[in-house]
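Given next are the chains, with one letter for each unit.
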Amino acid sequence: MQEKNSNAHPDLARDLNFYPIVNEIPKTLSNKQIQCYNEKGYIFPIDVFSETEISRHRKHFDKIINTEIQNGRGGYSINGRHRHDPHIYDLIINSRILDCVEDLLGENIICWGTHYFCKLPGDSKRVSFHQDASYWPLTPSKTVTVWLAIDDTDVENSAMKFIPESHLYGQINYQHSSPEEKNVLNQTVDSPEDYGPPPIYVELTAGQISLHSDLILHGSDPNLSDRRRCGLTMRFAPPEVKAYHGWNQNSVICRGIDSTNHWIDNPHPSENE
Ligand SMILES: O=C(O)CCC(=O)C(=O)O
């Protein structure tokens, strides 16, 4: 299963509305941050890992990406690896990350996917403006993405960018991307400027995270710098979200329970060894 390989899912009746978070007594995020999520569609920056902690993960990632490159693949091919890689699995069950997610989704938390977006130095590919929810056969659209900065990320090395408030439009029309666009994915929303104020760049220090709604318009430019820009996306949803086409197969019940019995609870990979 590829995380973002599906198109419009015209056969599926999906609820693609934004549901504002109602949590008056958050434990980790502030009320202001929750307000920002509801009004703008994202929160950042949030400090999660120290430089020592993230550099440990970066070393691990360096090894995986080198192998990918040696095998003729690139910076976007490491997708859904948490089921087999204990280091990534440890990140999706990390309590500091889950505490933030819990304030948005409640005490029962599923992680159904992970994907590194690694823009190598000089990478000419862009991520065209899109809504995650348009790609995913999931309903309702309540997935929160945690984007963990593995490297320092700024405008120069093509930080992700958000169109604030665009999550409030429901599903937005898109085109299939043209090859000239060199889009990493395959959907493009034209005229993103029609859906909110100018883009805001998600500049993060390695170890920080951003959180975004699956309805926010976002993307990133080619990386014209000589510095790598890698982020790990972790996709979290409450159990009430339903997945079609087998998208419940890679999941982990990271916190609480799934009383719907819909999601697979894949064990920590070290238990298989
Ligand atoms: O990292 C990027 O440039 C894009 C990431 C993205 O599209 C996502 O997190 O859904």
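The notes below deal with the structure included here. What you see is a predicted model, and the numbers here were worked out from it, not measured in a lab.

**Quick look at unusual backbone geometry**
- In this structure, Pro-45 follows Phe-44 across a cis peptide bond, with omega equal to -10°.
- Look at the link from Thr-139 to Pro-140: it is a cis peptide, with omega at -5°.
- Locating Pro-140 in the fold gives a position in the loop between strand 4 (138–139) and strand 5 (144–149).
- A positive phi angle, close to 55°, is found at Lys-182, a residue other than glycine.
- We note that His-245 has phi near 55°; this positive angle belongs to a residue other than glycine.
- In this structure, His-245 sits in the loop between strand 13 (242–243) and strand 14 (252–255).

**Quick notes on the pairing of strand 11 (residues 217–220)**
- Residues Leu-217 and Gly-219 point to one face of strand 11 and His-218 and Ser-220 to the other, with burial holding for every one of them.
- Summarising the sheet, strand 3 (residues 127–130) and strand 11 pair through 2 bridges and their orientation is antiparallel. Bridging across to strand 11, His-130 finds its partner in His-218.
- Strand direction decides the pairing type here: strand 6 (residues 161–163) and strand 11, joined by 3 bridges, are antiparallel.

Cut-off values and rules
- Residues numbered from 1 in each chain as written.
- Predicted model: local features only at pLDDT ≥ 70, side-chain atom pairs only at ≥ 80, totals over all residues.
- Helix = DSSP H or I, 4+ residues; strand = E, 2+ residues; numbered from the N terminus.
- Buried ≥ 20, exposed ≤ 12 C-beta atoms within 10 Å, placed from the backbone.
- Pairing = 2+ DSSP bridges.

The quantities given are spatial measurements derived from coordinates; they are silent on function.
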